[in-house]
Amino acid sequence: MSANLKYLSLGILVFQTTSLVLTMRYSRTLKEEGPRYLSSTAVVVAELLKIMACILLVYKDSKCSLRALNRILHDEILNKPMETLKLAIPSGIYTLQNNLLYVALSNLDAATYQWPSDSQELDPKELSAGSQFVGLMAVLTACFSSGFAGVYFEKILKETKQSVWIRNIQLGFFGSIFGLMGVYIYDGELVSKNGFFQGYNRLTWIVVILQALGGLVIAAVIKYADNILKGFATSLSIILSTLISYFWLQDFVPTSVFFLGAILVITATFLYGYDPKPTGNPTKA
C-alpha cells in the first residue's frame, strides 16, 4: 500500500508541478486591462486553501465529527506548541520559495516575449539580460532553500506520529503569517489602493489552487517516499514543461546543455530507483 502511495504521489507531483509552471508563466505574462494580480497575495491565498483542505481531510478521518475534529486540532496543535513551532522554519522557507517562483517566471520569460512599445528609451537587450539575471538568482535561491526545507520537513514528518494533514495545517498557519508580512511590506500600498484580490481572474485562481495542491502533494511525497525522490520528480517536471514549451508553446529553443542536463536527470532517476537483485552466495564444496 505504501509503495502504491509513493508512486501515486510522485506521479501527481510531476503533473502538478508541470501544470503550475506553465499556467503560472502564462498568467504572469498575459496582458490584460487593469492591474496584474499580486504574487504575494496569491501565496497567502494558496496557504489558506491548503489549511482548509487539510481541515476537511482531518474532519473526514475523524468520521465527520465536529467534536472529534475540534479535539484533534486542540490536542495536536494548541496543546503541543513546541511541536507546532518546529514548522515555522520550513514554512518561512517555503513561503520565500513560492514568492521566488513568481519572480523567476516573471523575469525569465521577459526575454521570450516582446517588450511594450512605450519602453523604447531602454535597450531591450539590456532589459533581457537584467531580467534573466534576476530570474536566475531567484531560481538558485529557491533551489538551495528548498533543499534545506525539504530535508528538515522530512525529518519532522518521519520522527513524529502526527498525521501529514496536521503538519500541513501547522505549516500553512505559519506560511499565512509570513505571507501576510510579505504582502504588507512589499505590496501594502497596492493592496490599499486596488484591493487584496486585484487582477484576479479564472487563470489566477487555477494557479492558486495548483499551488495549494502542490503543498499537499509534496508533503505526501516526503511522508511516503523521501526528499530525494521529490527532487527527481520536480526535475522531471521541469524537463516535461520545457518540452511542452518547445513543441506546443514554441517559446523555447533547447540547447546542447539542456539535452545534457535532461539525460543526467533521467539517468540519475533510474539509478536511484534501480534495485539490483542480490546475488546468491556461492555454495562451498
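Residues numbered from 1 in each chain as written. Predicted model: local features only at pLDDT ≥ 70, side-chain atom pairs only at ≥ 80, totals over all residues. Heavy atoms only, no water.

In the nomenclature of an unreviewed UniProt entry, the protein chain corresponds to Solute carrier family 35 member A3 from the organism Neovison vison.

K.L.:
Quick question: what am I supposed to make of the overall build of the protein chain here?
P.N.:
Looking only at helices and strands, the protein chain has ten helices and zero strands in total. Reading the secondary structure of the protein chain in the N-to-C direction produces α-α-α-α-α-α-α-α-α-α. The buried share of the protein chain, reckoned over its 285 residues, is 41%. Nonlocal contacts in the protein chain, meaning residues at least 24 apart in sequence, comprise 83% of its contacts between residues at least 6 apart. Of the roughly 17,200 Å² that the protein chain leaves accessible, carbon and sulfur atoms contribute 67%. (Helix = DSSP H or I, 4+ residues; strand = E, 2+ residues; numbered from the N terminus. Buried < 20%, exposed > 50% of the residue type's maximum accessible area, 1.4 Å probe, protein only. Contact = heavy atoms within 4.5 Å. Areas by Shrake-Rupley, 256 points an atom, 1.4 Å probe, with all protein chains shown as cover.)

K.L.:
How should the environment of L210 be read in this particular structure?
P.N.:
Along the chain, L210 falls in helix 8 (residues 202-224). Considering only alpha carbons, one finds L210 and A46, 164 residues apart in sequence, at a separation of 8.3 Å. Every residue in contact with L210, bar those within four places of it in the chain, is listed here: Q16, S19, L20 and T23.

K.L.:
What am I meant to see in the side chain of T204 here?
P.N.:
Positionally, T204 belongs in helix 8. For T204, a relative accessible area of 1% gives the class buried. Among the polar contacts made by the side chain of T204, one reaches the side chain of N201 at a distance of 2.9 Å. Beyond its immediate sequence surroundings of up to four residues, T204 is in contact with Y37 and G199. (Polar contact = N/O pair within 3.5 Å; in protein donor to acceptor, adjacent residues only side chain to side chain.)

K.L.:
Is there a simple way to think about the UniProt feature "transmembrane region" (unreviewed entry) in the protein chain in this case?
P.N.:
As recorded in UniProt, the feature "transmembrane region" (unreviewed entry) lies at residues 6-25, 37-59, 133-153, 165-185, 205-225, 232-249 and 255-274. Annotation note: span residues 37-59, helix share 91%, strand share 0%, distance between end C-alpha atoms 32 Å. Annotated as residues 165-185, this span is 100% helix and 0% strand, and its ends, taken at the C-alpha atoms, are 30 Å apart. (UniProt positions renumbered as here; feature names shortened; annotations may be inferred.)

K.L.:
So what exactly am I meant to see when it comes to the packing of helix 2 (residues 39-61) against helix 7 (residues 164-194) here?
P.N.:
When two helices pack together, you describe them by how their axes are tilted relative to each other and by the distance separating the axes. In contact at an axis separation of 7 Å, helix 2 and helix 7 are set at 160° when each is read in the N-to-C sense. Taken as axis vectors, helix 2 and helix 7 run roughly antiparallel relative to one another. Every pair of crossing elements has a handedness; the one defined by helix 2 and helix 7 is left-handed. Residue composition of the contact of helix 2 with helix 7, by class: 15 nonpolar, seven polar and four charged. (Axes fitted to C-alpha atoms, helices over the stretch in contact; angles between N-to-C directions. Parallel < 35°, antiparallel > 145°, perpendicular 65-115°, else oblique. Left-handed = near helix turned anticlockwise from the far one by under 90°. Nonpolar A, V, L, I, M, F, W, Y, C, P; charged D, E, K, R; others polar.)

K.L.:
In this structure, what is going on with the side chain of E47? I would like to understand it.
P.N.:
The topology assignment puts E47 in helix 2. Given the relative accessible area of 6%, E47 is considered buried. Discounting chain neighbours no more than four positions away, the residues touching E47 are N98, L171, G172, G175 and S176.

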